[in-house]
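Secondary and tertiary structure notes
The primary structure of each chain is shown beneath.
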Amino acid sequence: MTLGSLVTNPRIMKALIVLALLAYIVSVWGNLKSIRMVNDEEQSKKIKRSVEEVIAPLWDKIHELELGTGPKYPPVKFLSEKDRKRILITGGAGFVGSHLADKLMMDGYEVTVVDNFFTGRRRNVDHWLGHGNFELINHDVVEPLFIEVDQIYHLASPASPPNYMYNPIKTLKTNTIGTLNMLGLAKRVGARLLFASTSEVYGDPEQHPQPESYWGNVNPIGPRACYDEGKRVAETMCYAYQKQEGVDVRVARIFNTFGPRMHMDDGRVVSNFILQALQGQPLTVYGSGSHTRSFQYVSDLVNGLVALMNSNVSSPVNLGNPEEHSIMEFATIIRDLVGSKSRIANLPEVPDDPQRRNPAIEKAERLLGWRPVVPLHEGLNRTIAYFRRELQLQADEYRPRARLARTRHQPLHRL
Ligand SMILES: NC(=O)c1ccc[n+]([C@@H]2O[C@H](COP(=O)([O-])OP(=O)(O)OC[C@H]3O[C@@H](n4cnc5c(N)ncnc54)[C@H](O)[C@@H]3O)[C@@H](O)[C@H]2O)c1
């Protein structure tokens, strides 16, 4: 059969026409489909674009609102994961611990504060709550703690006489069992531990100023023994763990420290005088006021603690300000800085009140390159500003009062 005969065959011709029509319909349908797909894609792109256009300013607004009303943290340095140590501060909601937490947070470390809030306050650290590098744990160091850390600053302990004498057994437990627990943790996780000891380990010293080599003169059964002996045995524990278990320890013997967030009614010279001057009360000086004291500002101490922790000095180091002033000088300086008209009232001497307490800081200078730098007046002005703010905040609530000491002629005087 030739092509001509095929074309002339009407049945075959019909079949060919039907096939051609079918092919045409299929190709048109295919084209239509691809056109619709292109249209759909364009359509969805268009919709996406317009949705994005509407949403973008909303995101900006949300971000703006977050910045405006969400927590604003102090600026924090960025550290790579390798350098970002995990640091535990026991007693970190207290006076010194909260300033240390501020420094370590701003330096970019991960900080865990552990505190039982006996003398500390959440308010001291609440400016960090919610920050990704910060954690606050309500925990008593007398109970064991299981966390992973690289460094431990062990500061948990009441520090002022009224606080540590309030429950002497608990003070002993905190400094003994609490320190054992923290040394156990340091051993388990291979962390370095810095213990916050005190100048009170020198007791009523027979040597001035007191170098680290001085063994002290402590009454083991006196009212302060729960603190003094608690700190002394805690130092002993640190060196036993170092010797027997290879724990890396640092011991800071801290001398009197002052600054914002210190306890307003802890009965110490600086807080008493500031409170009395601000409240227009007489500034109480025991005895002639010729005995001397030396105080360091809290930021100096914090820098010393960090320098010691990161040094290779494992024997005890004094951290304090050797600049001595008589009590009478302190009273007049503080009264003048406050701008108060309070008079100075001389009361009878307090028994066992040391005539002098003064740190020898040559070791810290030589081995840590550390010495206090904040001038007394500057530190006092910042502390007075803090006391003023606190008094305004507490105006309708509890009003702190300066604590009076027991004197020779008034043994039942309010402490
Ligand atoms: N401030 C000073 O002048 C001074 C001087 C010498 C030594 N120190 C030492 O420095 C450290 C800090 O002193 P501070 O002046 O900040 O005192 P602070 O009372 O303000 O702080 C101590 C913190 O430890 C917490 N704490 C107490 N017992 C605890 C326990 N069992 N478990 C968990 N937390 C507990 C308290 O709640 C508080 O937050 C103390 O170890 C103190 O002995 C301070």
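Notes on the structure in this doc start here. (Residues numbered from 1 in each chain as written. Predicted model: local features only at pLDDT ≥ 70, side-chain atom pairs only at ≥ 80, totals over all residues.)

**Considering the site of the ligand**
Around the ligand, the structure places 29 residues, and the nearest of them are Gly91, Gly94, Thr119, Gly120 and Ala159. Here the shell around the ligand takes three residues from helix 3 (residues 95–106), the largest share from any one element. Residue composition of the shell around the ligand, by class: 13 nonpolar, 14 polar and two charged. (Near = placed C-beta within 6 Å. Helix = DSSP H or I, 4+ residues; strand = E, 2+ residues; numbered from the N terminus. Nonpolar A, V, L, I, M, F, W, Y, C, P; charged D, E, K, R; others polar.)

**A short note on the packing of helix 9 (residues 327–338) against helix 11 (residues 376–393)**
Where helix 9 contacts helix 11, the two axes come as close as 10 Å, and the packing angle between them is 55°. Classified by the angle their axes make, helix 9 and helix 11 are oblique. The handedness of the crossing between helix 9 and helix 11 comes out as right-handed. Touching Ile333, Ile334, Leu337 and Val338 of helix 9 are His377, Leu380, Asn381 and Ile384, all from helix 11. Class assignment for the residues of the contact of helix 9 with helix 11 results in six nonpolar, two polar and no charged. (Axes fitted to C-alpha atoms, helices over the stretch in contact; angles between N-to-C directions. Parallel < 35°, antiparallel > 145°, perpendicular 65-115°, else oblique. Left-handed = near helix turned anticlockwise from the far one by under 90°. Contact = placed C-beta atoms within 7 Å.)

**Remarks on the packing of helix 5 (residues 168–189) against helix 6 (residues 225–245)**
It is the contact of helix 5 with helix 6, at a shortest axis distance of 9 Å, that shows an interaxial angle of 15°. By the criterion of interaxial angle, the relationship of helix 5 to helix 6 is roughly parallel. Both helix 5 and helix 6 take part in a crossing whose hand is right-handed. Together, Pro168, Thr171, Leu172, Asn175, Thr176, Thr179, Leu180, Leu183 and Lys187 of helix 5 and Cys226, Tyr227, Gly230, Lys231, Val233, Ala234, Met237, Cys238, Tyr241 and Glu245 of helix 6 make up the contact between the two elements. Partitioning the contact of helix 5 with helix 6 into residue classes produces 11 nonpolar, five polar and three charged.

**Things to note about the pairing of strand 4 (residues 151–154)**
Taking every second residue as pointing to the same face, both faces of strand 4 are buried, with Gln151 and Tyr153 on one and Ile152 and His154 on the other. Two strands pair when backbone bridges link them, and strand 1 (residues 86–90) and strand 4 are joined in this way by four bridges, in the parallel orientation. Bridged to isoleucine 89 within strand 4 is tyrosine 153. For strand 4 and strand 5 (residues 192–198), the ladder comprises four bridges, and the chain directions are parallel. Paired with tyrosine 153 across the bridge in strand 5 is leucine 194. (Buried ≥ 20, exposed ≤ 12 C-beta atoms within 10 Å, placed from the backbone. Pairing = 2+ DSSP bridges.)

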